[in-house]
Amino acid sequence: MERILHDLRLSETVTPFGVGAVVDVLGESLIASDTSWWDTRSAPEISCQRLLARLDPGVLRQAPAHSGRAAKETAHLFYWRFPGWRFCERCTKLSQITGKSKGRWVNRCDCGGALVPMRYVAVCDKGSHIQDIPWFKWAHRGMDAGVTDAVRFCKAYKELKFVRSSQRGEGLSSLSVECNGCRRSRPLSALVGIESLHRDGVRCEGRQPWQDPSSDQICDHRLIAVQRGATSNYIAESLSALDIPEETLPSVARTEAIRSHELFWRMVADNGGPKSEMFAEMIAEEVGIPVEEVLRTASDEEDESGGAALLDLKDGEWAAFLKKLENGRDHGVGDFVVDGWAVASHSTWPQALTSRLGGVGQVRRVREVRALRGFRRYDAGAVFINADLGPKRKRKSVFPAIELFGEGIFLRFDEERLTEWERASEVRARADILMQRRRASQWAERLPVPEPRFVALHTIAHLLIRRLAFASGYASASLQERVYAHSDRPDRTAGILIYTAAGDAQGTLGGLVRLGEPDKLLPLLLAALSDADVCSNDPVCIESDRQGASSLNLSACHGCALVSETSCETANRLLDRQLVLGGANVPGLLDDVLDQARRIGG
């Protein structure tokens, strides 16, 4: 078959055209093979130890890249034709056969018409497999009276046609597959039921389209006919990390100090005996921490079967940002340069705002690495498919990755004021609405826990992105968020990072970082809050507690708080203006900021 040459952006090789994705290119329907098909000689390795530590043992590699026009010797990626069944737009013949012209295989029928991929494919509901629908077999099956012996044993394999007729009504009833051999005709409306393919005896092959058939591949899950371009056909799972010098969290430092004490292992060996408390008191006095924490560390040590778990990616990033904010002006070089600013209480700005900000960071340079772990199909609870399906005997898995360089703004919120606010029963009750809906949805369990601080800071990030799109010179789709908001950890986090990163360039132009100085950022934050104070969909929006996919947004819509889904960590979910600006019965985190600002402004 003649090769199809098509250029992709490097970022598109991770998503949306990553491993396992069905894509339309130049009128063709293709699917990306896994990384075991990559020529690693032309796929440069990307270094990011923080990210590799959270992945399975493997290596990060960037897809082959080139400048100029593609030629025969140019490094490239493999995309397989899928689905294989196509119909001729001129004679409507349905087949898997590719045309031939002057000795070369072409995507044209013998009659000269272009071959169009069939719009339906079969997806395994739990195994994450995808395959062609065997159209000849399907056309000659069914439970209706038209399935005679002549139809059942028909061998006219080259006589199928894909017919459209307005006389049969509209929708799928007007589309049918007909066999000229036995005159069997079956409408596509008989295809889309949950049990349709199962009743017709069509079984899952237990593999991806680019994998070789194998007798030991068995899948007992049900096949379901879906449209080729359905979003549920490909649920990618990617992971990103900022390339920063990972700092030790205060809680980890205290734990290490306890474990390194000469009396610690004697206390563990006593296993709650009479000497345990005496040892704990001696350790606590010398290290300078409460006795309860020493005993808790000893208890955790007894339950631990392996080494200490790796810090979460965001925990390490949070600790690194805190250190940068404390150091003020950053004279360092490298891929993580942040100037720290203290937000002083000044009469120009509302005290209600400055008292809630613990610091601001101008992120002058940051490197982000994104990697594709794998994907699922049809259902978020389906089997996870690794990005590398090749043999793993002596070879490390290859994960598609890309490195991006950019700039950003980091805001740290005051932990004491935030904790005081989220203790209010009205605030907890408001956030609990999202908590219950997250628990009720299987796929939503992958989202962060919507505790009050997360929902509030997440919404503030969205409001600020919308405002920065006017002032920074970047479109809102070019800005991204990273929310640090967890109260269920020894080291609580409360901050947001808004940054931009370019995958096809070595940096950005500074339009965002220049706005990170408090004298420039605070007016933008006030403007963002003012924009969200009244939504064009109010009062419907502000009074709503059921918006967005699976009702995972409260008072948030396209008129006030939503941004591009590619900019959001949770795809525009877990948002609520009331937890930021307040509502009829809910105190907002920043509900008195605008009133003070208007009084100061006169």
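Residues numbered from 1 in each chain as written. Predicted model: local features only at pLDDT ≥ 70, side-chain atom pairs only at ≥ 80, totals over all residues. Heavy atoms only, no water.

**Examining a nonpolar patch on the surface**
Point 1. On the surface, Trp-37, Phe-78 and Trp-80 cluster together into a nonpolar patch covering about 290 Å² of accessible area.
Point 2. Summarising the element assignment, Trp-80 is placed in strand 5 (residues 79-81). (Patch = residues over 30% accessible without salt bridge, like charges linked within 9 Å, V, L, I, M, F, W, Y side chains within 5 Å. Areas by Shrake-Rupley, 256 points an atom, 1.4 Å probe, with all protein chains shown as cover. Salt bridge = Lys/Arg side-chain N within 4 Å of Asp/Glu carboxyl O. Helix = DSSP H or I, 4+ residues; strand = E, 2+ residues; numbered from the N terminus.)

**Some thoughts on a negative patch on the surface**
Point 1. On the surface, a cluster of negative charge is made up of Glu-277, Glu-281, Glu-285 and Glu-286.
Point 2. Considering the arrangement of structural elements, one finds Glu-277 in helix 7 (residues 276-287). (Lys, Arg positive; Asp, Glu negative; His and termini not counted. Charge placed at Lys NZ, Arg CZ, Asp CG, Glu CD.)

**Some remarks on helix 12 (residues 425-440)**
Point 1. With 16 residues, helix 12 should reach 22 Å at 1.5 Å per residue; the first-to-last C-alpha distance of 22 Å fits that figure.
Point 2. Taken together, the buried positions of helix 12 are occupied by Val-427, Arg-430, Ala-431, Leu-434, Met-435, Arg-437 and Arg-438. (Expected span 1.5 Å × (residues − 1). Buried < 20%, exposed > 50% of the residue type's maximum accessible area, 1.4 Å probe, protein only.)

**Overview of the pairing of strand 1 (residues 22-25)**
Point 1. Residues of strand 1 alternate between two faces, with Val-23 and Val-25 buried on one and Val-22 and Asp-24 left unburied on the opposite face.
Point 2. The antiparallel pairing of strand 1 with strand 2 (residues 28-32) creates a hairpin that spans two residues between the two strands, and Leu-26 there sits at a positive phi of about 50°. (Pairing = 2+ DSSP bridges.)

**Here's the deal with the sheet that holds strand 12 (residues 130-131)**
Point 1. Read from one edge of the open sheet, three strands run 12-11-16, paired in antiparallel fashion. Either end of the sheet is taken by a strand with one partner, and the two such strands are strand 12 and strand 16 (223-227).

**Details of the packing of aromatic side chains**
Point 1. For the structure shown, the criterion picks out twelve aromatic pairs.
Point 2. Seen in terms of ring centroids, Trp-135 and Trp-138 are 5.7 Å apart; in terms of plane orientation they differ by 85°. Their pairing is edge-to-face. On the criterion of helical spacing, the pair formed by Trp-135 and Trp-138 is a turn pair, its members being three residues apart in helix 2 (residues 135-139).
Point 3. Taken together, a centroid distance of 4.2 Å and an interplanar angle of 5° make the contact between Phe-321 and Phe-410 stacked. You can see Phe-321 sitting in helix 9 (residues 313-327) and its partner Phe-410 sitting in strand 21 (residues 397-413), a full 89 residues away along the chain. (Phe/Tyr/Trp six-rings, centres within 6.5 Å; stacked < 30°, edge-to-face > 60°.)

**Overview of the sheet that holds strand 14 (residues 175-179)**
Point 1. Spatially, three strands are ordered 13-14-15 in an open sheet, and the strand pairing comes out antiparallel. Bordering the open sheet on either side are strand 13 (160-164) and strand 15 (185-187), each of which pairs with just one other strand. Neighbour to neighbour, the strand axes of the sheet diverge by 25° on average, direction disregarded.
Point 2. One ladder, built from five bridges, connects strand 13 with strand 14; its direction is antiparallel. Note on strand 14: the bridge partner recorded for Lys-161 is Glu-178. (Axes fitted to C-alpha atoms, helices over the stretch in contact; angles between N-to-C directions.)

**Points about the packing of helix 11 (residues 415-422) against helix 13 (residues 452-471)**
Point 1. Closest axis-to-axis distance for the helix 11/helix 13 pair is 10 Å, and the angle between their directions is 115°. Here the hand of the crossing between helix 11 and helix 13 comes out right-handed. Facing helix 11, whose interface residues are Glu-415, Leu-418, Thr-419, Trp-421 and Glu-422, helix 13 presents Pro-452, Arg-453 and Ala-456.
Point 2. Here the contact of helix 11 with helix 13 is built from residues that sort into four nonpolar, one polar and three charged. (Left-handed = near helix turned anticlockwise from the far one by under 90°. Contact = heavy atoms within 4.5 Å. Nonpolar A, V, L, I, M, F, W, Y, C, P; charged D, E, K, R; others polar.)

**Focus on the state of the cysteines**
Point 1. The full count for this structure, using the stated rule, is zero disulfides.
Point 2. Distance from the sulfur of Cys-111, which forms no disulfide, to the nearest cysteine sulfur (Cys-88) is 3.4 Å.
Point 3. Relative accessible area serves as the criterion here: at 32%, Cys-111 is assigned to the partly exposed category.
Point 4. There is no disulfide at Cys-560, and the cysteine sulfur nearest it, in Cys-541, is 3.7 Å away. (Disulfide = S-S within 2.5 Å.)

**So, unusual backbone geometry**
Point 1. With an omega dihedral of 0°, the bond running from Phe-82 to Pro-83 counts as a cis peptide bond.
Point 2. Residue position: Pro-83 is located in the loop between strand 5 and strand 6 (86-88).
Point 3. With an omega of 5°, the peptide bond between Asp-538 and Pro-539 qualifies as cis.
Point 4. Residue placement: Pro-539 occurs in the loop between helix 14 (518-533) and helix 15 (578-581).
Point 5. Look at Arg-183: it is not a glycine, yet its phi comes out positive at around 65°.
Point 6. Structurally, Arg-183 is set in the loop between strand 14 and strand 15.
Point 7. Despite not being glycine, Asn-572 shows a phi value in the positive range, around 65°.
Point 8. Note that Asn-572 resides in the loop between helix 14 and helix 15.

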